[in-house]
Amino acid sequence: MSTGTGRKPAVLIVILSHPHASGRSPVFGSPSCLTCEGDGPRWTRLRTTGGRFLFRTGDRVSAVRRSAGGRLDVVPSETRPAVTGRPTRSARLYLVCIAVGLLAGLMSGLFGVGGGTVIVPLLVLLLGYDQRLAAGTSLAAIVPTASVGVITYAVDGHVAWLPALILAVGAVGGAQIGTWLLPKLSQTALRWSFVVFLVAVIVSLYFVIPSRDAELELTWITGPGLALLGVITGILAGLLGVGGGIIVVPALLLLFGTSDLVAKGTSLLMMIPTAVSGTVGNLRRSNVDLPAALCVGVAACATTALGAQIAKAVDPFVANVLFSIFLVFIASQIAVKAVRGRRQR
């Protein structure tokens with residue numbers, strides 16, 4: 001491996017080859033984020049492009065290219081000041097953020113989800129955001145988006161306030177458990193298991209048609225059940241990075257027999273305290289692009305109410321079909337991550 005300067009940054013070999021190459025152990029995050037920690041510097045993989053791997057350590061970025069013979073070569077021309085995954089301010093950035101927000105807001109109001117499954121991949125693909133920064137920015141944008149959605153659903157009494165609080169408390173605690181379990185469990189196995197769960201939910205949605213008159217009442221059975229659901233939602237969020245809506249909405253529909261509108265309104269309310277809590281933590285770690293989050297969030301507010309009104313207007317079975325299509329999209333995303341994660345091993 002040549003650097004052009006006579007140095008051999010062995011850390012890069014450890015990252016791109018197998019961890020048995022040294023005592024250092026790679027730590028796998030999302031498919032676009034891979035770090036390696038040891039006695040030397042900490043290198044963070046930014047992205048893979050054109051057969052090259054970009055890494056950051058300190059204030060420098062290095063590109064590594066795998067040669068035809070399998071050798072890893074540092075590309076000196078690519079060594080430059082750090083790329084932080086934070087795009088420069090431009091008219092294009094704000095226009096893309098507005099477009100992303102409009103789409104995310106519509107999905108949020110229509111399906112009772114936060115919109116992160118739309119915001120994060122689009123920020124990464126269209127604007128080149130680092131995965132962590134995109135996730136933090138998305139979480140901040142969810143706060144105003146979910147708030148507008150809650151108001152829209154609450155106008156017609158489609159929000160279960162106390163159950164949402166129970167779900168939120170359980171989710172906050174569950175997220176801590178999920179982050180603790182993260183390094184102990186196989187991400188690939190977890191992702192495929194969740195895909196199987198989503199497929200089962202998708203099939204069930206065609207057989208269980210919710211009643212618009214069904215309420216979510218608190219009893220000695222449903223109360224603990226909601227707390228458990230919140231904990232499970234938090235654990236999966238911590239393990240897989242999925243939003244709570246894609247778990248809570250189908251669970252309230254299929255397990256608690258709740259109206260689809262109440263399920264969506266309650267799901268949006270549950271997200272607000274967890275999103276605020278997560279955003280505070282991300283701000284401390286500089287994992288939020290506030291101007292972009294504000295732009296996405298404000299744009300999303302413009303279409304969240306429209307999405308909620310569409311959800312109220314369509315037939316419950318049609319709503320189930322639309323939600324199942326959305327879940328197919330989510331399951332596909334997670335399946336792709338599982339495949340990529342397995343290849344990186």
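Residues numbered from 1 in each chain as written. Predicted model: local features only at pLDDT ≥ 70, side-chain atom pairs only at ≥ 80, totals over all residues. Heavy atoms only, no water.

> What's the story with the overall build of the protein in this structure? I'm lost.
Of regular secondary structure, the protein possesses 11 helices and 6 strands. Burial status across the protein gives 48% buried among its 345 residues. Sequence separation of 24 or more characterises 70% of the internal contacts of the protein that already satisfy a separation of 6 or more. (Helix = DSSP H or I, 4+ residues; strand = E, 2+ residues; numbered from the N terminus. Buried < 20%, exposed > 50% of the residue type's maximum accessible area, 1.4 Å probe, protein only. Contact = heavy atoms within 4.5 Å.)

> Quick question: what am I supposed to make of helix α4 (residues 131-154) here?
Owing to its 3.6 residues per turn, the α-helix brings residues three or four apart onto one side. For α4, spanning 24 residues, the distance from its first C-alpha to its last is 33 Å, which sits close to the expected 34 Å at 1.5 Å a residue. A bend of about 30° at Ile142 is the largest found in α4, and the proline Pro144 appears one to four places after it. Near the N-terminus of α4, the side chain that reaches the backbone nitrogen of Arg132, with its oxygen 3.0 Å away, is that of Asp130. (Expected span 1.5 Å × (residues − 1). Bend = angle between axes of the 7 residues up to and from the residue. Polar contact = N/O pair within 3.5 Å; in protein donor to acceptor, adjacent residues only side chain to side chain.)

> Whenever I open this one, the pattern of salt bridges confuses me. Can you help?
Tallied over the full model, the rule gives 3 salt bridges. A salt bridge links Arg89 to Asp289; the shortest N-O distance between them is 2.7 Å. Of the two residues, Arg89 sits in the loop between β6 (72-81) and α2 (91-111) while Asp289 sits in the loop between α9 (260-284) and α10 (290-313), which places them 200 residues apart along the sequence. A relative accessible area of 40% means that Arg89 is categorised as partly exposed. (Salt bridge = Lys/Arg side-chain N within 4 Å of Asp/Glu carboxyl O.)

> I tried to follow α9 on my own but got confused; where do I start?
Its 25 residues place the ends of α9 37 Å apart at the C-alpha level, agreeing with the 36 Å of an ideal helix rising 1.5 Å per residue. Taken as a whole, α9 carries its principal kink of about 25° at Ile272; the proline Pro273 stands between one and four residues after it. Its side-chain oxygen placed 3.2 Å from the backbone nitrogen of Leu261, Ser259 serves as the N-cap of α9. Just downstream of α9, Ser286 is the residue with a positive phi angle, here 60°.

> Can you help me understand the packing of aromatic side chains in this one?
Within a pair of aromatic rings, the relevant descriptors are the distance that separates the centres and the angle that separates the planes. Under the definition given, this model contains 6 aromatic pairs. Between Phe111 and Phe323 the ring centres are 5.9 Å apart and the planes differ by 40°, which places this aromatic pair in the tilted class. Note that Phe111 is positioned in helix α2 and Phe323 in helix α11 (residues 316-344), a separation of 212 residues in sequence. Across the pair, Phe323 and Phe111 agree in class, each one buried. Ring centres 6.5 Å apart and planes at 40° place the aromatic pair Phe326 and Phe329 in the tilted group. On the criterion of helical spacing, the pair formed by Phe326 and Phe329 is a turn pair, its members being 3 residues apart in helix α11. For Phe326, a relative accessible area of 5% translates into the label buried. Members of the aromatic cluster, joined through ring pairs, are Phe111, Phe323, Phe326 and Phe329. (Phe/Tyr/Trp six-rings, centres within 6.5 Å; stacked < 30°, edge-to-face > 60°.)

> Where do I start with the nonpolar core in this structure?
Among soluble globular proteins, nonpolar side chains are generally buried collectively. By size, the foremost hydrophobic cluster in this structure holds 55 residues, and its most contacted members are Phe194, Val242, Ile246, Phe326 and Leu327. Broken down by element, the residue count for this core peaks at 9 residues, all from α9. With 16 residues, the next largest nonpolar core counts Ala104, Ala134, Ala141 and Val296 among its residues. (Core = buried A, V, L, I, M, F, W, Y, C linked by side-chain atoms within 4.5 Å.)

> Just checking my understanding: could you explain the environment of Ala227 for this structure?
Along the chain, the position of Ala227 falls in helix α7 (residues 222-240). With 59 residues separating them along the chain, Ala227 and Ala168 place their C-alpha atoms 8.5 Å apart. Setting aside residues up to four positions removed in sequence, Ala227 forms contacts with Ile166 and Gly170.

> I keep staring at the side chain of Thr145 and nothing clicks. Help me out?
Looking at the element boundaries, Thr145 is found in helix α4. Note on Thr145: relative accessible area 2%, which makes it buried. A polar side-chain atom of Thr145 sits 2.8 Å from the main-chain carbonyl oxygen of Ala141. Thr145 has contacts with Gly105, Ser108, Gly114, Gly297, Ala300, Cys301 and Thr304, leaving out every residue within four places of it along the chain.

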